[in-house]
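So you can see what is in the structure, the chains are spelled out below.
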Amino acid sequence: MADENKRKTPDEENEVVKMLRGIGSDLWGGFAAGGEETAKPDVKPAAEPEKHAQKPGLPAIERIWEIADETIDWTDALVYDSAPDGLTGSRQWAFYKKYASAVLAGDLKAYAAVLTAANPLGDLTVFTGDMKIRTPGADRLEAVFEVNEAYMKKNAKRYMAGLSLRIARDLFAVLPVSEVGVEACENGEVLFSAEYTRDRLRKRSFACTDPMDFAEE
């Protein structure tokens, strides 16, 4: 018992303190006996997953022919001071009213003014190269577009037929013509052409229409 109660010398106590501090430092880091901060193990941050640059996708063109612009009723524009449906803005309706008489008379200058202002095919240029609209007569419009090679790789004929039908629908919507002709070209060569009449498109269910078959009817 005497040995157990024997007090440790200062030197022995210092050795114990150093030992305990060393153990604490190994476990948690911290300060060494001399007061300097102990070195902490290098911890490498978790590797971030490799980021792959995403290529911008092509705008979807599947079944594009099923939708079209709203039809302008030029007769209503001639008669009414504001849109009967209450949906067309006053400035837009004023524009229609300004040109209604000339449009209904088949004035080609009025046609050109309306096509420039309304730009009915503007939202379709993402699917094509160059696109032009011609006004050969009061009852007919023609559109010519340069194909987009990116869309030609999968199903070229369906792409050309589907876009042509949509173009025809949008042109019928903006002007009261009876015929629309559409051509798809590549470097000046006509790859696809189709003729559409307003009568054929009237009351057609486009959700059940194959644009390639429709072009050949």
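What you see is a predicted model, and the numbers here were worked out from it, not measured in a lab. (Residues numbered from 1 in each chain as written. Predicted model: local features only at pLDDT ≥ 70, side-chain atom pairs only at ≥ 80, totals over all residues. Heavy atoms only, no water.)

**Some details on the overall build of the protein**
A tally of helices and strands in the protein yields eight helices and four strands. Going from N to C terminus, the protein has its helices and strands arranged as α-α-α-α-α-β-β-α-β-β-α-α. Of all 217 residues assigned to the protein, the portion counted as buried reaches 32%. Considering only intrachain contacts with a sequence separation of at least 6, the fraction spanning at least 24 residues in the protein is 57%. Per element, the accessible surface of the protein, about 14700 Å² overall, is 52% carbon and sulfur. (Helix = DSSP H or I, 4+ residues; strand = E, 2+ residues; numbered from the N terminus. Buried < 20%, exposed > 50% of the residue type's maximum accessible area, 1.4 Å probe, protein only. Contact = heavy atoms within 4.5 Å. Areas by Shrake-Rupley, 256 points an atom, 1.4 Å probe, with all protein chains shown as cover.)

**Examining the pairing of strand β2 (residues 140-147)**
Remark: a regular strand shows side chains that alternate across the two faces of the sheet. A large share of β2 lies buried, amounting to seven of its eight residues. Note that strand β1 (residues 128-137) and β2 share six bridges and pair antiparallel. Bridged to G137 within β2 is R140. Bridge count between β2 and strand β3 (residues 179-186): seven bridges; the pairing is parallel. Following the sheet pairing, E142 is matched in β3 by G181. Following the backbone out of β2, through helix α6 (residues 149-174) and into the adjacent parallel β3, one traces a crossover that is right-handed. (Pairing = 2+ DSSP bridges. Right-handed = clockwise from strand over helix to strand, strands pointing away.)

**Some remarks on the pattern of salt bridges**
As enumerated under the stated definition, the model contains 13 salt bridges in all. Between E216 and K157 there is a salt bridge; the shortest N-O distance is 2.9 Å. Here E216 is found in helix α8 (residues 211-216), whereas its partner K157 is found in helix α6, with 59 residues between them in sequence. For K157, a relative accessible area of 38% translates into the label partly exposed. (Salt bridge = Lys/Arg side-chain N within 4 Å of Asp/Glu carboxyl O.)

**Concerning the environment of R63**
In this fold, R63 is placed in the loop between α2 (10-28) and α3 (74-79). Among the residues examined, R63 registers a relative accessible area of 35% and is labelled partly exposed. Once the C-alpha coordinates of R63 and R166 are considered, the two residues, 103 residues apart in sequence, prove to be 9.3 Å apart. Residues contacting R63, with those up to four places away along its chain left out, are R158, F206, A207 and T209. A polar atom in the side chain of R63 sits 3.0 Å from the backbone oxygen of A207. (Polar contact = N/O pair within 3.5 Å; in protein donor to acceptor, adjacent residues only side chain to side chain.)

**A word on the packing of helix α4 (residues 90-104) against helix α5 (residues 108-118)**
At their nearest, the axes of α4 and α5 sit 9 Å apart, and the two run at 150° to each other. Considering their axes alone, α4 and α5 lie roughly antiparallel with respect to each other. For the element pair α4 and α5, the recorded crossing hand is left-handed. On the side of α4, the interface is formed by F95, Y99, A102 and V103, while α5 contributes A110, Y111, A113, V114 and A117. Looking at the contact of α4 with α5 residue by residue, the classes come out as nine nonpolar, no polar and no charged. (Axes fitted to C-alpha atoms, helices over the stretch in contact; angles between N-to-C directions. Parallel < 35°, antiparallel > 145°, perpendicular 65-115°, else oblique. Left-handed = near helix turned anticlockwise from the far one by under 90°. Nonpolar A, V, L, I, M, F, W, Y, C, P; charged D, E, K, R; others polar.)

So far we have only geometry, and geometry alone does not tell us how the molecule works.
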